[in-house]
Amino acid sequence: MKKALITGITGQDGSYLAEFLLEKKYEIWGIIRRSSSFHTGRIDHLYRDPHEPTALKLVYGDLTDGSDLATILNHIKPDEVYNLGAQSHVRVSFDTPIYTVNVDALGTLRLLEVIRSMEKPPRFYQASSSEMYGKVVETPQTEQTPFCPRSPYACAKAYSFWQTVNYRQAYDLFMCNGILFNHESPRRGETFVTRKITQAATRIKLGLQEKLYLGNLDAKRDWGFAGDYVEAMWLMLQQDKADDYVIATGRTHSVRQFLDEVFGYLEMAWEDYVEIDSRYYRPTEVDFLCGDASKARDVLGWEPRVTFEELARMMTDADMRLARHEKILAEHEGS
């Protein structure tokens, strides 16, 4: 039975990857940060009998603590490590650049150093990002497209990308970068624009909210489903040769089009409820991202299954269930 260690297991991608690997009969270990409250909502449904070999096991750790990581990896001795842990909000990275770099860049380097020193180094997956392309120099973006990062988050991810490549080449380690374009789901954090839209739209529909405040409606992204993308992560680590891959749908839509899809599905006109707030604009904007995943298709046999329209409706349906539950509670408290 294979053993996998996942950083960022309580996040969107970590929860879908844990589900996927449990179906593959892996033993899963997840690193979580110590805090005064639990943040395991996305993975609570995955808990099984802890004495079963496929059980999900959690261990406290932090990407900012290299000695902590060394203790964890040398104790678990995983076959595969998936580094999904990060401060992942691009806009927030402008407010907390040093913390973002400490986790997203130096955190990766700490992991690489531990892996390099292990007697049997595990295979390593680094969660890279399409944000590294930034001010794009060509469209669509491929594995050969130069990076031009335009946020502290993107700069940190570019650092991690090149360190992963460097350790692969310098120490002959099996290390892959997945350059994932935007991927969403009902488990997306509530501060990310797609989830912010589906949550607000459903609450507005049920009279729980009046307005939605957004920034740049013309930003265009290549949006896919997170559940599809975690399969690509796994496939990268099953190959004979380590390499880097773009994971994307090849289709681009604007924030405005996402609004059209969600509010249209709910039979509302978003123009009646959406207002622009300059606080949500980035100091340096990334206007257009579109990925070419031909290499992933040809080498890994991977293709996205969920369409943009299906994704928007999936997220809207999930948030409508939450909004209905919220309304029932509010009515009960008011009665």
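The structure displayed is predicted, hence computed values, not measured ones.

A. Summary view of the overall build of the protein. Each helix and strand in the protein was counted, giving 11 helices and 13 strands. In terms of overall dimensions, the protein is globule-like: its C-alpha atoms have a radius of gyration of 20 Å, near the 20 Å expected for 335 residues. In terms of its C-alpha atoms, the protein occupies a principal-axis envelope of roughly 60 × 50 × 40 Å. With 335 residues in all, the protein has 52% of them scored as buried. Here the contacts in the protein between residues at least 6 apart in sequence split such that 80% fall between residues at least 24 apart. With an accessible surface of roughly 15400 Å², the protein has 50% of that area assigned to carbon and sulfur atoms.

B. Fine view of the nonpolar core. Counting residues in hydrophobic clusters, the biggest one holds 65 residues, and the most contacted among them are Leu21 and Tyr82. Those residues in contact with tyrosine 82, other than ones at most four positions away along the chain, are Ala4, Leu5, Ile6, Thr7, Leu17, Leu21, Tyr125, Met233, Trp234, Leu237 and Gln238. Leu69, Leu73, Leu112 and Met175 belong to the second largest nonpolar core, which has 19 residues in total.

C. Inspection of the packing of aromatic side chains at higher detail. Enumeration according to the criterion identifies 14 aromatic pairs in this entry. Pairing phenylalanine 161 with tryptophan 162 gives two aromatic rings, centres 4.9 Å apart and planes at 85°, and the pair type is edge-to-face. Considering the side-chain rings of tryptophan 223 and phenylalanine 308, the 6.1 Å spacing of their centres and the 20° angle between planes classify their relative orientation as stacked. One end of the pair, tryptophan 223, is in the loop between strand S9 (220–221) and strand S10 (224–225); the other, phenylalanine 308, is in helix H11 (residues 308–334), with 85 residues separating them in the sequence. Each member of the pair, tryptophan 223 as well as phenylalanine 308, is classed as buried. Here a set of aromatic residues connected by ring pairs shows up, and it is made of Tyr133, Phe147, Phe161, Trp162 and Phe181. The lysine or arginine in question, arginine 187, covers the ring of tyrosine 16, its NZ or CZ lying 3.9 Å from the ring centre. Here lysine 295 stacks its cationic end above the ring of tyrosine 245, 5.0 Å away from the centre of that ring.

D. Representation of the pairing of strand S6 (residues 175–180). The element S6 is largely enclosed, with a buried count of 6 among its 6 residues. Neither face of S6 is exposed, since Met175, Asn177 and Ile179 on one face and Cys176, Gly178 and Leu180 on the opposite face are all buried. Strand direction decides the pairing type here: strand S5 (residues 123–129) and S6, joined by 6 bridges, are parallel. Opposite alanine 127, over in S6, you have glycine 178 as the bridge partner. As a crossover connection, the stretch from S5 through helix H6 (residues 152–171) into S6 is right-handed.

E. Region of interest: the side chain of glutamate 131. Relative to the elements of secondary structure, glutamate 131 occurs in the loop between S5 and H6. Residue classification places glutamate 131 among the buried residues on the basis of a relative accessible area of 5%. Look past the residues within four positions of glutamate 131 in its chain and what remains in contact with it is Val90, Pro149, Tyr153, Ala154, Arg221, Arg282, Val286 and Leu289.

F. Spotlight on the packing of helix H2 (residues 66–76) against helix H5 (residues 106–117). In the contact formed by H2 and H5, the axes pass within 9 Å of each other and the chain directions differ by 45°. Judged by the angle between their axes, H2 and H5 are oblique. The interaxial crossing formed by H2 with H5 has right-handed handedness. On H5, the residues touching Gly66, Leu69, Ala70 and Leu73 of H2 are Gly107, Arg110, Leu111, Val114 and Ile115. Among the residues forming the contact of H2 with H5, the class breakdown is 6 nonpolar, 2 polar and 1 charged.

G. Main features of helix H9 (residues 255–265). Within H9, burial applies to Val255, Phe258, Leu259, Glu261, Val262 and Phe263. On its buried side, H9 packs onto helix H7 (193–205), strand S8 (212–214), strand S12 (253–254), strand S13 (274–276) and H11. One or two residues past the end of H9 sits glutamate 267, with phi positive at roughly 60°.

H. Molecular detail of a nonpolar patch on the surface. On the surface, Val101, Leu106 and Tyr159 cluster together into a nonpolar patch covering about 210 Å² of accessible area. One can find tyrosine 159 in helix H6.

I. Spotlight on the packing of helix H4 (residues 97–104) against H5. In contact at an axis separation of 3 Å, H4 and H5 are set at 20° when each is read in the N-to-C sense. As summarised for this structure, H4 and H5 are arranged roughly parallel, according to the angle between their axes. Only Leu106, Gly107, Thr108 and Arg110 of H5 make contact with H4, whose side of the interface consists of Val101, Asn102, Val103 and Asp104.

J. Up close: the sheet that holds strand S2 (residues 27–32). Spatially, 7 strands are ordered S3-S2-S1-S4-S5-S6-S11 in an open sheet, and the strand pairing comes out parallel. If you trace the sheet from one side to the other, it starts and ends with strand S3 (56–60) and strand S11 (245–247), each paired once. Sheet twist, expressed as the mean angle between neighbouring strand axes with direction ignored, is 20°. Bridge count for S6 against S11 is 3 bridges, and the pairing is parallel. Bridge pairing links isoleucine 179 to valine 246 in S11. Contacts from helix H1 (residues 12–23) reach strand S1 (3–7), S2, strand S4 (80–83) and S6 within the one sheet, and its direction differs from that of S1 by about 170°. Packing of H5 onto the sheet brings it into contact with S1, S4, S5 and S6, and relative to S5 it is tilted by some 165°.

Here is what the cut-offs are and how they apply
- In every chain, residue numbers begin from 1 and rise along the written sequence.
- Restriction of local features to residues with pLDDT of at least 70 applies here, the model being predicted, together with a cutoff of 80 or more for giving and counting side-chain atom pairs; totals for whole chains, interfaces and linings are based on all residues.
- Just so you know, side-chain values use all the structure's heavy atoms and leave hydrogens and water out.
- Counting from the N terminus, the helices are the DSSP runs of H or I reaching at least four residues and the strands are the DSSP runs of E reaching at least two.
- Only the C-alpha atoms count toward the radius of gyration. The rule for a globule is 2.2 Å times the residue count to the power 0.38.
- Burial classification: accessible surface area is computed with a 1.4 Å probe over protein chains only, and a residue below 20% of its type maximum counts as buried, one above 50% as exposed, and the rest as partly exposed.
- In this description, contact between two residues means that some pair of their heavy atoms is separated by no more than 4.5 Å.
- The method behind every accessible area is Shrake-Rupley, applied with a 1.4 Å probe, and residues are considered shielded solely by the protein chains displayed.
- Definition used in this section: a nonpolar core is a set of buried Ala, Val, Leu, Ile, Met, Phe, Trp, Tyr and Cys residues joined via side-chain atoms within 4.5 Å.
- Classification of ring pairs rests on two measures: the distance between centres of Phe, Tyr or Trp rings, Trp counted by its six-membered ring, which must be within 6.5 Å, and the angle between planes, read as stacked under 30 degrees, edge-to-face over 60 and tilted in between.
- Two conditions define a charge sitting above a ring: the NZ of Lys or the CZ of Arg must be within 6 Å of the ring centre, and it must be within 35 degrees of the ring normal.
- For two strands to be treated as a pair, DSSP must find no fewer than two bridges joining them.
- Call a crossover right-handed when, viewed with both strands pointing away from you, the route from the first strand across the helix to the second goes clockwise.
- Where helices are involved, their axes are fitted lines through C-alpha atoms of the stretch in contact, as for all axes, and angles between N-to-C directions lie from 0 to 180°.
- Note on angle classes: values under 35 degrees are labelled roughly parallel, values over 145 roughly antiparallel, values of 65 to 115 roughly perpendicular, and the remainder oblique.
- What makes a crossing left-handed is the near helix being turned counterclockwise from the far one by less than a right angle; a clockwise turn instead makes it right-handed.
- In this classification, the charged set is Asp, Glu, Lys and Arg, the nonpolar set is Ala, Val, Leu, Ile, Met, Phe, Trp, Tyr, Cys and Pro, and all remaining amino acids, among them Gly, are polar.
- Only residues whose relative accessible area exceeds 30% and that form no salt bridge enter a patch; like-charged residues are grouped when within 9 Å of one another, and nonpolar side chains (Val, Leu, Ile, Met, Phe, Trp, Tyr) when within 5 Å.
- A pairing counts as a salt bridge when a side-chain nitrogen of Lys or Arg comes within 4 Å of a carboxyl oxygen of Asp or Glu.

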